[in-house]
Amino acid sequence: MKVTLNTNVLTNNNVAAQYNRDLFTNSKTLVINMMSSPGAGKTTLLEETVKALSKKYRIGVIEGDLSTEIDADRIRALGAQAVQINTHGGCHLDARMVAATLQEFNLDEIDILFIENVGNLVCPSGYDLGQQHKIAVLSVPEGNDKIPKYPQMFMRTELVLLNKVDLLPYLDFDVPTAIEDLTAINPESKLIPVSARTKEGLDNWITWVEEAYASCAKQ
Ligand SMILES: Nc1nc2c(ncn2[C@@H]2O[C@H](COP(=O)(O)OP(=O)(O)OP(=O)(O)O)[C@@H](O)[C@H]2O)c(=O)[nH]1
Ligand SMILES: [Mg+2]
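Residues numbered from 1 in each chain as written. Chains lettered and ligands numbered in written order. Predicted model: local features only at pLDDT ≥ 70, side-chain atom pairs only at ≥ 80, totals over all residues. Heavy atoms only, no water.

Attention shifts here to the coordination of the magnesium ion (ligand 2). The magnesium ion (ligand 2) binds to the protein through Thr43 (OG1), Asp71 (OD) and Glu116 (OE); the donor distances cover 2.0 to 2.1 Å. Considered as a linear motif, the donors of the magnesium ion (ligand 2) on their single chain read T-x27-D-x44-E. Taken together, the residues Thr43 in helix H2 (residues 42–53) and Asp71 in helix H3 (residues 70–76) connect sequence positions 28 residues apart. With respect to burial, Thr43 and Asp71 carry one shared label: buried. (Donors = N, O, S within 2.8 Å, 3.2 Å for Na, K, Ca; no water. Helix = DSSP H or I, 4+ residues; strand = E, 2+ residues; numbered from the N terminus. Buried < 20%, exposed > 50% of the residue type's maximum accessible area, 1.4 Å probe, protein only.)

The structure is reproduced here in structure tokens:
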């Protein structure tokens, strides 16, 4: 028997994403969905971002992991509000999980909300969470082949933070090749080289966030 699915199987996700988007728009909260492989440095980058921005902006963070509160605790240690979602085996966050979590924030009092997605270069990119911006973190030890091998992630993001550039002298990662591969897949995407360890390039990332905030700012 041939079964034709006329229904968008992600309908519920899309409905929840629109619900989230309306909340973010009404509260003028900038929301950035950060995705990467496990260990690329998302939480470390968010720690540095919180340190750099928290005097000027009220920051909230949603942390997505299969298990534990480790990442949320790292953010809370810096004084920012962080809520942990545990997916219990799920390989990505979906908009319904985020919607449920939003009850724990007063969005009127959050200027910038970062969502750290579950470490995975495949599943998270397909799910709209209602954010205004989707970005990818790629790290130098992962190698140059990740952009061509996981094109959906880099097609659907507008910025790649190339993290761990402090390790470039020790590894064979080639930055011009990464830029070339990214441009071939997504000519609109930017790439910012950074090191959460040495802080190299972090000012360029912070400027990017502040410019994004300016376009949806609470005035
Ligand atoms: N050398 C170097 N190490 C880094 C850098 N950024 C993060 N790390 C290290 O990389 C490891 C993983 O960092 P996390 O920030 O936990 O990575 P993550 O992407 O949040 O990991 P998951 O949440 O598990 O997906 C830690 O040991 C960090 O100290 C960097 O710029 N340079
Ligand atoms: Mg993390």
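Picking up where we left off.
This brings us to the site of ligand 1. Around ligand 1, a shell composed of 20 residues is seen, among which Lys42, Thr43, Thr44, Asp166 and Ala196 lie nearest. For ligand 1, an oxygen atom lies 2.8 Å from a polar atom in the side chain of Thr43. Within the side chain of Asn163, a nitrogen or oxygen atom sits 3.1 Å from a nitrogen atom of ligand 1. Calculation on ligand 1 without its partners gives an accessible area of 660 Å², and the protein chains cover 75% of this total. At the level of secondary structure, the elements contributing two or more residues to the shell around ligand 1 comprise H2 and H3. For the shell around ligand 1, the element with the highest residue contribution is H2, accounting for three residues. Of the residues in the shell around ligand 1, the class split is four nonpolar, eight polar and eight charged. (Near = heavy atom within 4 Å. Polar contact = N/O pair within 3.5 Å; in protein donor to acceptor, adjacent residues only side chain to side chain. Areas by Shrake-Rupley, 256 points an atom, 1.4 Å probe, with all protein chains shown as cover. Nonpolar A, V, L, I, M, F, W, Y, C, P; charged D, E, K, R; others polar.)

Attention now goes to the environment of Ser54. With respect to the element layout, Ser54 can be found in the loop between H2 and strand S2 (59–65). At a separation of 2.8 Å, a polar atom in the side chain of Ser54 contacts the main-chain carbonyl oxygen of Val50.

Purely spatial values, then, with no claim about function.
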